[in-house]
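# Working through the structure, step by step
Residue strings, one per chain:
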Amino acid sequence: MSHALLVIDVQNDFCPGGALAVTGGDEIVSGINALMPDFDAVILTQDWHPAGHSSFASTHNADPMSMTEMPYGPQVLWPDHCIIGTGGAAFHKDLQADAADMIIRKGYNPAIDSYSAFFENDHTTPTGLFGYLQTRGIDTLTLVGLATDFCVNYSAVDAANLGLNVTVRTDLCRAIDFDRSLDAAVDGMKAAGVSIRD
Ligand code: VGL
Ligand code: ZN
């Protein structure tokens, strides 16, 4: 069976200067590139929202980083970010995106956010990534990217619950760390059986 590198959302809007900048988000790019040749497959995710997405505070006339209730549960309202086709949604210019076998986009459904690379935030609607991994015989994942406490966390927990062997390289991730979300995320990942490598 094979081992894939899953690179989460290394996009301009999550890097310094971006709309939802993660501190140090650009520091991990060269280390991620250097890891790519060690894997049987390289998969990138790309956060990919239509304008007016339901996860945007502006859509609800609310303050960014406030909370709302969606039919699927609580949801953080974010600044507008990763709008389809914009420069903010593009990968960081130094990320070796050409090395990817697969790029999976998520968050394009206007009514449902999608932190995880596997399921939308309703925890039901699949992105198709699990089927891709199964048909390629990939049973082991190493995750890197942005942000540790949101999209990396949700992707890692879903992957572990789907029965994959999962390691998160936190040295090649950076966190939003909103309302102590990083500690909660690390606890949740460990509880799901994810290996954390600092
Ligand atoms: C992310 C918030 C909103 C992430 C994406 O990549 O962690 N966070 N959209
Ligand atoms: Zn998003």
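Preceding this section is the structure that the text describes.
To keep things clear, this report deals only with the structure shown in the data block. (Residues numbered from 1 in each chain as written. Chains lettered and ligands numbered in written order. Predicted model: local features only at pLDDT ≥ 70, side-chain atom pairs only at ≥ 80, totals over all residues. Heavy atoms only, no water.)

### A word on the overall build of the protein
Across its full length, the protein holds 4 helices and 8 strands. Seen in sequence order, the protein has helices and strands lined up from the N terminus as β-α-β-β-β-β-α-β-α-β-α-β. Here the C-alpha radius of gyration of the protein, 15 Å, is about what a compact globule of 198 residues would show, namely 16 Å. Seen along its three principal axes, the alpha-carbon backbone of the protein occupies a region of about 50 × 30 × 30 Å. (Helix = DSSP H or I, 4+ residues; strand = E, 2+ residues; numbered from the N terminus. Rg over C-alpha atoms; globule rule 2.2 N^0.38 Å.)

### Considerations on the pattern of salt bridges
All told, the structure shown has 7 salt bridges when counted by the stated rule. Of the charged contacts in the structure, one is a salt bridge between Asp94 and Lys93, with a shortest N-O distance of 3.3 Å. Given the relative accessible area of 70%, Lys93 is considered exposed. The partner of Asp171 in a salt bridge is Arg169, with the nearest N and O atoms 2.8 Å apart. Note on Asp171: relative accessible area 31%, which makes it partly exposed. (Salt bridge = Lys/Arg side-chain N within 4 Å of Asp/Glu carboxyl O. Buried < 20%, exposed > 50% of the residue type's maximum accessible area, 1.4 Å probe, protein only.)

### Quick notes on helix α4 (residues 181-191)
Along α4, the residues classified as buried are Ser181, Ala185, Val186 and Met189. In an axial view of α4, the angular spread of the buried residues amounts to 135 degrees, which keeps them on one side of the axis. Facing away from the buried surface of α4 by more than 90 degrees, the exposed residues are Ala184, Asp187, Lys190 and Ala191. Where α4 terminates, the next one or two residues include Gly193, which has phi positive at roughly 95 degrees. (Arc of directions from axis to C-beta.)

### A word on the side chain of Ser114
Here Ser114 is to be found in the loop between β5 (102-106) and α2 (129-135). At 3.2 Å, the side chain of Ser114 forms a polar contact with the backbone oxygen of Ser116. Excluding residues that lie within four positions of it along the chain, Ser114 makes contacts with Asp47, Lys106, Gly107, Phe119, Glu120, Asn121 and Thr127. (Polar contact = N/O pair within 3.5 Å; in protein donor to acceptor, adjacent residues only side chain to side chain. Contact = heavy atoms within 4.5 Å.)

### Describing the environment of Ala34
Structurally, Ala34 can be placed in helix α1 (residues 29-35). Considering only alpha carbons, one finds Ala34 and Phe56, 22 residues apart in sequence, at a separation of 34 Å.

### Thoughts on the site of ligand 1
For ligand 1, the full set of nearby residues is Asp9, Phe14, Leu20, Asp47, Trp78, His81, Leu146, Ala147, Phe150, Cys151 and Ile176. Contact distances for ligand 1 include 3.3 Å between an oxygen atom and a backbone N or O atom of Leu146. Contact with the protein chains hides 100% of the accessible area of ligand 1, taken as 260 Å² for the molecule alone. In this structure the site holding ligand 1 corresponds to the largest cavity. Tallied by class, residues from the shell around ligand 1 come to 8 nonpolar, 1 polar and 2 charged. (Near = heavy atom within 4 Å. Areas by Shrake-Rupley, 256 points an atom, 1.4 Å probe, with all protein chains shown as cover. 1 Å grid on protein atoms, 1.4 Å probe; cavity = no way out; pocket = protein on both sides within 12 Å on 5 of 7 lines; lining within 4 Å. Sits in = over half its atoms within 2 Å of the grid points. Nonpolar A, V, L, I, M, F, W, Y, C, P; charged D, E, K, R; others polar.)

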